[in-house]
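One-letter residues, chain by chain:
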Amino acid sequence: MSIAAPLLALALLAAGPAGEEPAGAPETMNAPPARAARDRGIAWLAAAQNADGSWCTGVVEGVLEMGFPPAAYYAWKVAASAIACLALLEVEETPAVRSALDRGLAWLCAAESPRRGADWDVDHVWGALYGFAACVEAARDPRFAAADWPARLREAGGRYLAILERTQSPRGGWGYYDDPIYSKRPKWDTSFCTALVLPALAAGVEMGWVDDPRILVRARGYVSRCALPNGAYGYDLDLVPRMGAIAGGEHIDAVPGSLGRVQVCNWGLARAGERKITPDRVREGLEAFLRHHRFLDVAWTKPVPHEAFYYNSGYFYAFGHYYAAEAIQLLPEAEREAWHARLRPHLVRRQRADGSLADFLLGSYTSVACTAFLVLALDLGLPAP
């Protein structure tokens, strides 16, 4: 008998009833308590930052995350640090926020580029996707238009972009694994990995960072082709859509299995200029997200990927809520607060007492990324202080 089985059983017992919804949570939440929760998340991010400006450890931290090559853990460290920088870029500046942001961006610019860890493992793409997005957003921020910041951000953004250029699949997307027969250019891709970087690529084209705009055209086309007639987005691109999903079966590409993908795909396509993403389509996706939310709740912190109904995974929780908040910002301004008020409780009720959030029981990079997603989601829609 393998030692992994009893260890996994102990972890499951320690996790407790992960699918239960906290009792007494409000159905809507206005701005003041959301601001307080966001500020607790900001304080946690500042306290969790390493002395060198990074976040996380970049090494394996628990038995449930074993099995990946060492390079994968470093890639997740880069990605989580970049997401933390994205959060600090968006919130109101204070001396503590600015200090953490400056040190975080300095580390991101100087960090060693993530590398592919194995023939099957392409997790270094996560560091490149969010590293490039963070460099683009910082370069567009007037606070980083002076001194040597523009050159540093462009050089680092170019390194992350070079990884994306090497790993874009022949179909136009990005994924984090490869299928046999393994190849230098990976062949597998996912809708959500590709969608999250579309706005950054579009901005990079405008800024002159992207020499060949076809990288954006191919990526946008890939996500568009992942759209299904039922309103969901496929996990990846199938030339023949899975009929079980379209016919209403319990499938990962049914709408309840696509909750964590619909929002990022709608937002990414719309921000990259896709005119088919109308306000009605955004509303439809948001309404489905809230109507079927119980399937995300059931997956909360479950340690085995895709073990919940409709093959949902716990790690789609914070990711999905952040991009739902971004999708809300695509709607007319008069509608946004009502949507944000419905979305906020689902995040705040999961926030820990110390201000952090973690939807998947793995390493410290999960807590950093999820807390940053919480800060970003709650910050969107808040009135200026």
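Refer to the preceding data block for the structure.
Position labels on residues start from 1 in each chain and follow its written sequence. Given that the model is predicted, a residue must reach a pLDDT of at least 70 before its local features are reported, and side-chain atom pairs must reach 80 or more before they are shown or counted; all residues, however, enter totals for whole chains, interfaces and linings. Only heavy atoms go into the side-chain values, all of them from the structure, while hydrogens and water stay out.

## A short note on the pattern of salt bridges
Definition used for salt bridges: Asp or Glu carboxyl oxygen within 4 Å of a side-chain nitrogen of Lys or Arg. Here the structure, examined in full by the defined rule, presents 22 salt bridges. Across the salt bridge formed by R115 and E112, the nearest N and O atoms sit 3.7 Å from each other. E112 sits in the exposed class, given a relative accessible area of 52%. Between D253 and R261 there is a salt bridge whose closest N-O contact spans 3.1 Å. Each of R35, R38, D39, E92 and D379 takes part in a single network of salt bridges with overlapping partners. The rule is simple: take the accessible area with a 1.4 Å probe, protein chains only, and divide by the maximum for that residue type; under 20% is buried, over 50% is exposed, in between is partly exposed.

## Description of the layout of surface pockets
Taken as a whole, the largest pocket spans an internal volume of roughly 750 Å³. W76, W126, Y315, F360 and Y365 are the residues nearest the centre of the largest pocket, which is lined by 28 residues in total. Listed by contribution, the elements that provide at least two residues to the lining of the largest pocket are α3 (70-90), α5 (124-139) and α15 (364-379). A run of DSSP states H or I qualifies as a helix once it reaches four residues; a run of E qualifies as a strand once it reaches two. Both are numbered from the N-terminal end. The leading source of residues in the lining of the largest pocket is α15, at five residues. For each structure, a 1 Å grid was placed over the protein atoms alone; sets of points admitting a 1.4 Å probe that cannot get out are labelled cavities, open sets with protein on both sides within 12 Å along at least five of seven lines are labelled pockets, and lining residues have an atom within 4 Å of a point. Grid points are joined across faces, edges and corners, and a volume is the space filled by probe spheres set on the points. Here the second largest pocket defines a volume of roughly 340 Å³.

## Considering empty space enclosed by the protein
Taken as a whole and assessed by the stated rule, the structure comprises one cavity of 30 Å³ or more. What the largest cavity holds in volume is close to 40 Å³. Top element by residues in the lining of the largest cavity is helix α11 (residues 279-291). It accounts for three residues. For this scheme, ten residues count as nonpolar: Ala, Val, Leu, Ile, Met, Phe, Trp, Tyr, Cys and Pro. Four count as charged, namely Asp, Glu, Lys and Arg, and the remainder, Gly too, count as polar. Residue composition of the lining of the largest cavity, by class: seven nonpolar, no polar and no charged.

## Focus: the nonpolar core
Soluble globular proteins: nonpolar side chains tend toward being buried together. Counting residues in each nonpolar core, the largest one holds 125 residues, and the members touching the most others are W126, Y130 and F132. In terms of residue count, the dominant contributor to this core is α3 (15 residues). Two residues qualify as a contact provided that any one of their heavy atoms is within 4.5 Å of a heavy atom in the partner residue. Dropping the residues within four chain positions of it, W126 is found in contact with W76, A79, Y176, F192, C193 and L196. Side-chain atoms within 4.5 Å link the members of a nonpolar core, which is a set of buried Ala, Val, Leu, Ile, Met, Phe, Trp, Tyr and Cys residues.

## As for the packing of aromatic side chains
Within a pair of aromatic rings, the relevant descriptors are the distance that separates the centres and the angle that separates the planes. Each pair of aromatic rings taken from Phe, Tyr and Trp, with Trp reduced to its six-membered ring, is defined by centres within 6.5 Å and is described as stacked if the planes are under 30 degrees apart, edge-to-face if over 60, and tilted in the remaining cases. For the structure shown, the criterion picks out 31 aromatic pairs. Taking the centre distance of 6.3 Å and the plane angle of 45 degrees together, the rings of Y176 and F192 count as tilted. Here Y176, found in the loop between α6 (149-167) and α7 (191-207), pairs with F192, found in helix α7; they are 16 residues apart in sequence, far enough to count as distant. On the accessibility criterion, Y176 (9% relative accessible area) is buried.

## Points about helix α13 (residues 317-328)
To estimate the expected span of a helix, subtract one from its residue number and multiply by 1.5 Å. If you check α13, its first and last C-alpha atoms are 17 Å apart, about what twelve residues at 1.5 Å a residue would give, namely 16 Å. Looking at α13, one finds that the buried residues are Y317, A318, F319, G320, H321, Y322, Y323, A324, A325, E326, A327 and I328.

## Describing a nonpolar patch on the surface
Within the patch definition used here, like charges are joined within 9 Å and nonpolar side chains (Val, Leu, Ile, Met, Phe, Trp, Tyr) within 5 Å, considering only residues with over 30% relative accessible area and no salt bridge. Here the Shrake-Rupley method, with its probe set to 1.4 Å, supplies the accessible areas, and only the displayed protein chains count as covering residues. A contiguous nonpolar patch, built from V60, V63 and M66 and spanning about 260 Å² of accessible area, is present on the exposed surface. Exposure remark for V63: the relative accessible area of 36% places this residue in the partly exposed category.

## Some remarks on the packing of α7 against helix α10 (residues 259-271)
For any two helices packed against each other, the geometry comes down to the angle between their axes and how far apart the axes lie. The convention used is that axes are lines fitted to C-alpha atoms, helices contributing only their stretch in contact, and that angles between N-to-C directions extend from 0 to 180 degrees. Where α7 meets α10, the axes come as close as 8 Å, and the angle between the chain directions of the two elements is 25 degrees. By the criterion of interaxial angle, the relationship of α7 to α10 is roughly parallel. For the crossing formed where α7 meets α10, the hand is left-handed. Along its contact with α7, which presents S191, F192, A195, L196, L198, P199 and A202, the element α10 presents R261, V264, C265, W267, G268, L269 and R271. Split into classes, the residues belonging to the contact of α7 with α10 amount to ten nonpolar, two polar and two charged. Angular relationships are summarised with four words: roughly parallel below 35 degrees, roughly antiparallel beyond 145, roughly perpendicular across 65 to 115, and oblique for the angles in between. Here a crossing is taken to be left-handed if its near helix is turned anticlockwise relative to the far helix by less than a right angle, and right-handed if that turn runs clockwise.

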